[in-house]
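Listed below, chain by chain, are the residues.
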Amino acid sequence: MQGKIININSEVEGIYILNKTTNTSTITNQKGDFEINVMFNDTLVFSALQYKIKFVVITEEVLKNKYLEVTLDEKINELAPVTVTPYNLSGNLARDLQNNPAENVINAVSLGLPNATVKKKDHMHRMLYTASSGPLSLLINTLNGKIKKIKKLIKLQKKEVKIETTKELFEIEFYVKDLKIPEDYIDRFMYFCATDPSFETIESEDPLSILEYLKAKSNDFRVLNDLE
């Protein structure tokens, strides 16, 4: 079957396409064209750094036409707002630089203030810092178990973030149709995965390895929860 990625204003070369059913793969050329062997009901997975992962099931119509056009959803990275006041900027970079010569920015870094470049701690890390600051606090909070408790909470907080970010890599349709997990069981399934020590080592930048991991864990999860 031949196909084409039809995103007009985005890069369409080098998009990875995996036939998840047969475990064969290919990539798109400069024009977004690709060619891959398929059969009825095979599942194709489209992935690239700039796009969300997309799953396409091969239908009878696609097989008949021997052609498939795919539009991918771009990943959106939200940036913090930028304030350009109090200067009157025109939008022309060359003119604005000429009219507004750079001045020394006065801030904590330029003034050389202590800890100006130190990253702010979140609430849990501030609690840990307070509990372990000074020999006496460190001794007391070690003996009473407070430091151990805070470290445990930090670890749980980190795991919660990883569970949520991993879950959001895929659409609900993937869990329901591909993994055969009912929608109201998805959160339970993610926590089931998190109990596996290898869950911590999964690289979020490699969605295909995560896909294979979730697929393997879903089999055990369905058996344990009588979802077969």
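This section reports on the structure supplied with the text. (Residues numbered from 1 in each chain as written. Predicted model: local features only at pLDDT ≥ 70, side-chain atom pairs only at ≥ 80, totals over all residues. Heavy atoms only, no water.)

1. Notes on the pattern of salt bridges
This structure, assessed with the given rule, holds 5 salt bridges. In this structure, Asp33 and Lys4 form a salt bridge, with 3.2 Å as the shortest nitrogen-oxygen distance. Placement of Asp33 in strand S4 (residues 33-35) and of Lys4 in strand S1 (residues 2-5) is noted, with a sequence separation of 29 residues between them. What makes Asp33 partly exposed here is its relative accessible area of 29%. A relative accessible area of 24% places Lys4 in the partly exposed class. The partner of Lys177 in a salt bridge is Glu173, and the shortest N-O contact between them spans 3.3 Å. In this pair, Lys177 and Glu173 both sit in helix H6 (residues 172-178), 4 residues apart, roughly one turn of the helix. Relative accessible area serves as the criterion here: at 56%, Lys177 is assigned to the exposed category. (Salt bridge = Lys/Arg side-chain N within 4 Å of Asp/Glu carboxyl O. Helix = DSSP H or I, 4+ residues; strand = E, 2+ residues; numbered from the N terminus. Buried < 20%, exposed > 50% of the residue type's maximum accessible area, 1.4 Å probe, protein only.)

2. Quick notes on the packing of aromatic side chains
Enumeration over the complete set of coordinates arrives at 10 aromatic pairs. Ring centres of Tyr185 and Phe221 lie 6.4 Å apart, and the angle between their planes is 75 degrees; this geometry places the pair in the edge-to-face category. Residue Tyr185 is located in the loop between H6 and helix H7 (186-194), and its partner Phe221 is located in helix H8 (residues 207-224); the two are separated by 36 residues in the primary sequence. Through a chain of ring-to-ring contacts, the aromatic side chains of Phe55, Phe170, Phe174 and Tyr175 assemble into a single cluster. Over the ring of Tyr185 we find Arg188, and its NZ or CZ is 4.3 Å from the ring centre. (Phe/Tyr/Trp six-rings, centres within 6.5 Å; stacked < 30°, edge-to-face > 60°. Lys NZ or Arg CZ within 6 Å of the ring centre and 35° of its normal.)

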